[in-house]
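Notes for the structure review
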Amino acid sequence: RILSISQKTVRERIAETLVLLHYQFGSSDNHSINVKLTRKEIGNTAGSTIETTIRTLSELKKEGIIEFDGKDIIIKNIAELINIANIQN
């Protein structure tokens with residue numbers, strides 16, 4: 001985790017956080033993550049400020065990788081999110 005925070009970009013860390021939440025808590029029928037976290041909590045987990053977290057999530061949405069349904073985050077393209085997160089097997 002320390003290696004991730006120190007060597008990955010904010011975008012990679014936020015993508016990694018979303019992937020980990022998806023796999024740890026699962027997703028519903030519409031592919032939304034089955035845990036309710038605020039943008040601040042996501043940012044804290046990724047080691048990012050709330051402003052940068054919101055901006056990065058918006059960028060991922062514009063790219064069609066995630067969507068929002070109210071406060072829910074829907075993962076549209078998990079493979080691309082894993083690629084962005086630079087997760088090694």
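Just above, that's the structure.
All values derive from a computational prediction rather than experimental measurement. (Residues numbered from 1 in each chain as written. Predicted model: local features only at pLDDT ≥ 70, side-chain atom pairs only at ≥ 80, totals over all residues. Heavy atoms only, no water.)

Along the backbone of the protein chain there are 5 helices and 2 strands. Tracing the protein chain from N to C terminus, the helices and strands come up as α-α-α-α-β-β-α. What you see for the protein chain is a C-alpha radius of gyration of 12 Å, in line with the 12 Å of a compact globule of 89 residues. Reported as C-alpha extents along the three principal axes, the dimensions of the protein chain are approximately 35 × 30 × 25 Å. When the accessible surface of the protein chain is totalled, it reaches about 5500 Å², and 51% of it is carbon and sulfur. Looking at the protein chain, you have 12 positive and 11 negative side-chain charges, and the mean spots of the two groups are 4 Å apart. (Helix = DSSP H or I, 4+ residues; strand = E, 2+ residues; numbered from the N terminus. Rg over C-alpha atoms; globule rule 2.2 N^0.38 Å. Areas by Shrake-Rupley, 256 points an atom, 1.4 Å probe, with all protein chains shown as cover. Lys, Arg positive; Asp, Glu negative; His and termini not counted. Charge placed at Lys NZ, Arg CZ, Asp CG, Glu CD.)

Turning our eyes to something else, we now look at empty space enclosed by the protein. Overall, the coordinates contain 1 cavity of 30 Å³ or more when judged by the stated rule. In this model, the largest cavity occupies a volume close to 90 Å³. In this structure, the largest cavity is lined by Leu 21, Ile 33, Val 35, Lys 36, Leu 37, Arg 39, Ile 42, Lys 71, Asp 72 and Ile 73. Elements that contribute at least two residues to the lining of the largest cavity include exactly helix H3 (39–46) and strand E2 (72–75). Grouping the constituent residues of the lining of the largest cavity by class yields 6 nonpolar, no polar and 4 charged. (1 Å grid on protein atoms, 1.4 Å probe; cavity = no way out; pocket = protein on both sides within 12 Å on 5 of 7 lines; lining within 4 Å. Points joined across faces, edges and corners; volume = space filled by probe spheres on them. Nonpolar A, V, L, I, M, F, W, Y, C, P; charged D, E, K, R; others polar.)

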